[in-house]
Amino acid sequence: MPETSGPDGPGADHPVLAEARALLGAVLHGHGVSVRLSEVEAYAGPDDPASHAFTRTPRSAIMYGPAMRLYVYRSYGIHLCANVVTGPEGEGRAVLLRAGEVVRGHELAAGRRRTDDPVRLARGPGNLASALGLGLEDLGADLQGPPEPWLEPGEPLPDASVLAGPRVGVSRAEERPWRFWVAGDPTVSAYRRSPRAPS
DNA sequence: ATTAAGATTTACT
DNA sequence: GTAAATCTTAATG
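In the annotation of an unreviewed UniProt entry, the entry for chain A reads Putative 3-methyladenine DNA glycosylase, and the organism field reads Auraticoccus monumenti.

Rendered as structure tokens:
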């Protein structure tokens, strides 16, 4: 096991990858709704041009804070995305929660999402945050334990059940397979088009 | 102060 | 499958 930089260049062996993989299978308890994470994306700091932490800003300041904290940001102004800050303070590492399966509060989540499809309940970052009832009020919330939204680590998944692939919506460094999802989970969607494709 | 870009979702065809 | 809507944040003059 190679600690060498791999054939793909810098960041191929980044510690955030292991943390993102560890988040798969964990259960995120939100406002009356619990979701088992099935798809996540790893984002590093200065080493990742696609990360919000690439440049130090008030918005990404939370990413440089202590771990196990919730980072919520707005995407395209209308939707919210939930992230979990990982790593030691100052590293600026975070993991984006892209999708998951609702294991509790199914009815409540269905009411919020206005859909009865359990597969679509938490498919997509914005939907995941919406289904959990997360908002900017939960920004920086401690995920270490109740009563507020908290993250319960699950059992480590077999390596064979975890697949990796290129990230979505990232205009740069898409060659890095920093996106992890659970194999065979219907809540995980396939590759999507890139945002705002040039004419 | 203004311009540009973006970690998306939903609806319609 | 394709197209459009929506808001914030970041950078620049």
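It is not clear to me how the overall build of chain A should be interpreted in this structure. Could you clarify?
Assigned secondary structure in chain A consists of 3 helices and 8 strands. Helices (α) and strands (β) of chain A occur, in sequence order from the N terminus, as α-β-β-β-β-β-α-α-β-β-β. A total of 199 residues make up chain A; the buried ones form 45% of that total. Restricting the contact set of chain A to residue pairs at least 6 apart, pairs at least 24 apart contribute 59%. For chain A, the exposed surface amounts to about 10400 Å²; the carbon and sulfur share of it is 51%.

Explain unusual backbone geometry here, please?
Generally, phi is negative for residues other than glycine and the peptide bonds are trans, each holding for most cases. For the bond from Pro146 to Pro147, the omega torsion is 5°, close enough to zero to count as cis. Within the secondary structure, Pro147 is located in the loop between helix H3 (125-132) and strand E6 (150-152). Its identity as a non-glycine residue notwithstanding, Met68 has a phi of 60°, on the positive side. Within the fold, Met68 resides in the loop between strand E2 (34-43) and strand E3 (69-75). Note on Met68: relative accessible area 26%, which makes it partly exposed.

Where do I start with the packing of helix H2 (residues 106-113) against H3 in this structure?
For any two helices packed against each other, the geometry comes down to the angle between their axes and how far apart the axes lie. Contact pair H2 / H3: the axes reach a minimum separation of 8 Å and the direction vectors enclose 120°. One way to sum up the angle between H2 and H3 is to call them oblique. Handedness of the H2/H3 crossing: right-handed. Packed against H2, whose contacting residues are Ala109, Arg112 and Arg113, the element H3 presents Asn127, Ser130, Ala131 and Leu132 at the interface. Among the residues making up the contact of H2 with H3, the classes are represented as 3 nonpolar, 2 polar and 2 charged.

Explain the confidence of the model for chain A here, please?
Note: predicted coordinates in regions of low pLDDT should not be interpreted at a detailed level. In the predicted model, chain A carries a mean pLDDT of 83, and 84% of its residues have values of at least 70. Confidence drops under pLDDT 50 across residues 2-6; counting only partners more than four residues distant or on other chains, this segment forms 5 contacts. The model gives residues 191-199 a pLDDT under 50, and that stretch makes 6 contacts with residues more than four places away or in other chains.

I tried to follow the side chain of Glu41 on my own but got confused; where do I start?
Inspection of the secondary structure puts Glu41 in strand E2. A distance of 2.8 Å separates polar atoms of two side chains, one belonging to Glu41 and the other to Tyr43.

Is there a simple way to think about the pairing of strand E8 (residues 179-182) in this case?
Successive side chains on a regular strand alternate, one facing one side of the sheet and the next facing the other. Burial along E8 is two-sided: the face carrying Arg179 and Trp181 and the face carrying Phe180 and Val182 are both buried. Direction of pairing for E2 relative to E8: antiparallel, over a ladder of 3 bridges. Bridge pairing links Val40 to Phe180 in E8. Pairing of strand E7 (residues 162-165) with E8 involves 4 bridges; the strand directions are antiparallel. Bridge assignment links Val162 to a residue of E8, and that residue is Val182.

Rules used throughout
- Residues numbered from 1 in each chain as written.
- Chains lettered and ligands numbered in written order.
- Predicted model: local features only at pLDDT ≥ 70, side-chain atom pairs only at ≥ 80, totals over all residues.
- Heavy atoms only, no water.
- Helix = DSSP H or I, 4+ residues; strand = E, 2+ residues; numbered from the N terminus.
- Buried < 20%, exposed > 50% of the residue type's maximum accessible area, 1.4 Å probe, protein only.
- Contact = heavy atoms within 4.5 Å.
- Areas by Shrake-Rupley, 256 points an atom, 1.4 Å probe, with all protein chains shown as cover.
- Axes fitted to C-alpha atoms, helices over the stretch in contact; angles between N-to-C directions.
- Parallel < 35°, antiparallel > 145°, perpendicular 65-115°, else oblique.
- Left-handed = near helix turned anticlockwise from the far one by under 90°.
- Nonpolar A, V, L, I, M, F, W, Y, C, P; charged D, E, K, R; others polar.
- pLDDT = per-residue confidence, 0-100.
- Polar contact = N/O pair within 3.5 Å; in protein donor to acceptor, adjacent residues only side chain to side chain.
- Pairing = 2+ DSSP bridges.

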